[in-house]
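# Residue-level structural notes
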Amino acid sequence: MTPERKIPERRSRKARRTRDTLAQAAFELVLDRGLRNVTVEEIAEAADVDRRTFSRYFTSKEAAALDSLRGDGDRINAALRARPAPEPPLLAYRRAVLDWLADPGAEPWHRRPRIFDLLVVAEEEPTLYAVFHHIRVDAQEDSVAIVADRLGVDPRQDIRPAVTVAAGAGALLAAQAAWVRGGRPDALPALIAEAFDALSADLLGEPRPAPERHPGAPEQHRGITSTTHTTRTTRTTEEAEGTEATS
């Protein structure tokens with residue numbers, strides 16, 4: 001390797017370390033003090049850089065605090081690229097998420113210290129949640145491109161890749177929300193499996209149509225309305241009276 005190539009690589013590694021240090025400082029300060037009690041200047045000071053350096057890497061304290069989550073979308077997409085080509089797209093997306101969950105080296109959310117706490121805060125802080133949404137959207141755009149490549153289609157002309165990713169990412173988001181609100185940090189894998197099961201089974205089955213209800217309509221009882229029951233009872237009584245009259 002030539003000296004000219006070593007210099008850019010060294011600078012790149014240094015920039016990566018600076019970014020990671022800022023992100024870790026923001027992550028810890030936000031969780032320890034609360035988002036509203038932390039300033040960009042304090043994050044920069046904790047990382048031993050100035051405000052100007054912070055601005056070269058992040059647009060806000062929210063972006064810095066959530067930077068550690070950005071890599072998770074990359075890991076899921078890497079797993080999606082590695083899935084066997086014959087797998088149906090939604091199944092491939094599901095298994096890519098499960099591969100991420102099962103990979104100890106990837107440090108999925110339920111295994112990474114304090115990620116559960118960070119997502120709890122993100123649910124409570126609108127500005128933090130908005131940044132989290134943008135991180136998810138960026139990852140989903142890459143997922144759409146990967147699925148389109150698997151199908152051999154142009155995602156601008158064929159809607160199937162976008163639908164596949166929207167469905168899979170929606171199941172993941174629903175599981176994440178249930179995980180945070182349920183208060184059980186170890187429950188994420190089971191909730192993700194449950195969300196994808198619902199997507200591929202319950203919601204894709206043909207639900208039986210619900211009976212039409214009109215204002216003032218009587219309640220149903222064992223499939224027969226009380227009106228029908230009353231009508232039949234009245235008719236039986238009239239028939240009995242008619243029989244007595246002719247006998």
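Heads up: the structure comes first, above all this text.
Here we summarise the structure given alongside this text. (Residues numbered from 1 in each chain as written. Predicted model: local features only at pLDDT ≥ 70, side-chain atom pairs only at ≥ 80, totals over all residues. Heavy atoms only, no water.)

This part takes up the packing of helix H5 (residues 67–82) against helix H6 (residues 89–102). Two elements in contact, H5 and H6, have axes whose closest approach is 8 Å; the angle formed by their N-to-C orientations is 125 degrees. When the axis of H5 is compared with that of H6, the two are oblique. Between H5 and H6 the crossing geometry is right-handed. Every residue of H6 that contacts H5 at Asp72, Arg75, Ile76, Ala79 and Leu80 is listed here: Ala92, Tyr93, Ala96, Val97, Asp99 and Trp100. In terms of residue class, the contact of H5 with H6 is made up of eight nonpolar, no polar and three charged. (Axes fitted to C-alpha atoms, helices over the stretch in contact; angles between N-to-C directions. Helix = DSSP H or I, 4+ residues; strand = E, 2+ residues; numbered from the N terminus. Parallel < 35°, antiparallel > 145°, perpendicular 65-115°, else oblique. Left-handed = near helix turned anticlockwise from the far one by under 90°. Contact = heavy atoms within 4.5 Å. Nonpolar A, V, L, I, M, F, W, Y, C, P; charged D, E, K, R; others polar.)

On to the environment of arginine 112, then. Position of arginine 112 relative to the elements: it lies in the loop between H6 and helix H7 (115–124). On the basis of relative accessible area, arginine 112 is assigned to the buried category, the value being 12%. Those residues in contact with arginine 112, other than ones at most four positions away along the chain, are Ser68, Leu69, Asp72, Arg75, Ala106 and Glu107. At 2.5 Å, the side chain of arginine 112 forms a polar contact with the side chain of aspartate 72. (Buried < 20%, exposed > 50% of the residue type's maximum accessible area, 1.4 Å probe, protein only. Polar contact = N/O pair within 3.5 Å; in protein donor to acceptor, adjacent residues only side chain to side chain.)

Considering the arrangement of structural elements, one finds lysine 61 in helix H4 (residues 61–65). Among buried Asp, Glu, Lys and Arg side chains, lysine 61 stands out as unpaired, with glutamate 62 the closest opposite charge at 5.2 Å. One polar contact links the side chain of lysine 61 to the main-chain carbonyl oxygen of leucine 35, over a distance of 2.9 Å. The residues touching lysine 61, leaving out its near neighbours within four places in the chain, are Ala26, Leu35, Arg36, Val38, Val40, Ile43 and Phe54. (Lys, Arg positive; Asp, Glu negative; His and termini not counted. Salt bridge = Lys/Arg side-chain N within 4 Å of Asp/Glu carboxyl O.)

Packing of H7 against helix H9 (residues 160–182) leaves a shortest axis separation of 10 Å and a crossing angle of 100 degrees. Of the possible angle classes, the one that applies to H7 and H9 is roughly perpendicular. Packed against H7, whose contacting residues are Phe116, Leu119, Val120 and Glu123, the element H9 presents Gln176, Ala177, Trp179, Val180 and Arg181 at the interface.

Locating threonine 53 in the fold gives a position in helix H3 (residues 51–57). When its relative accessible area of 12% is taken as the criterion, threonine 53 is described as buried. Among the polar contacts made by the side chain of threonine 53, one reaches the side chain of aspartate 50 at a distance of 2.7 Å. If we skip the residues at most four places from it in the chain, threonine 53 touches Thr18 and Leu22.

So far we have only geometry, and geometry alone does not tell us how the molecule works.
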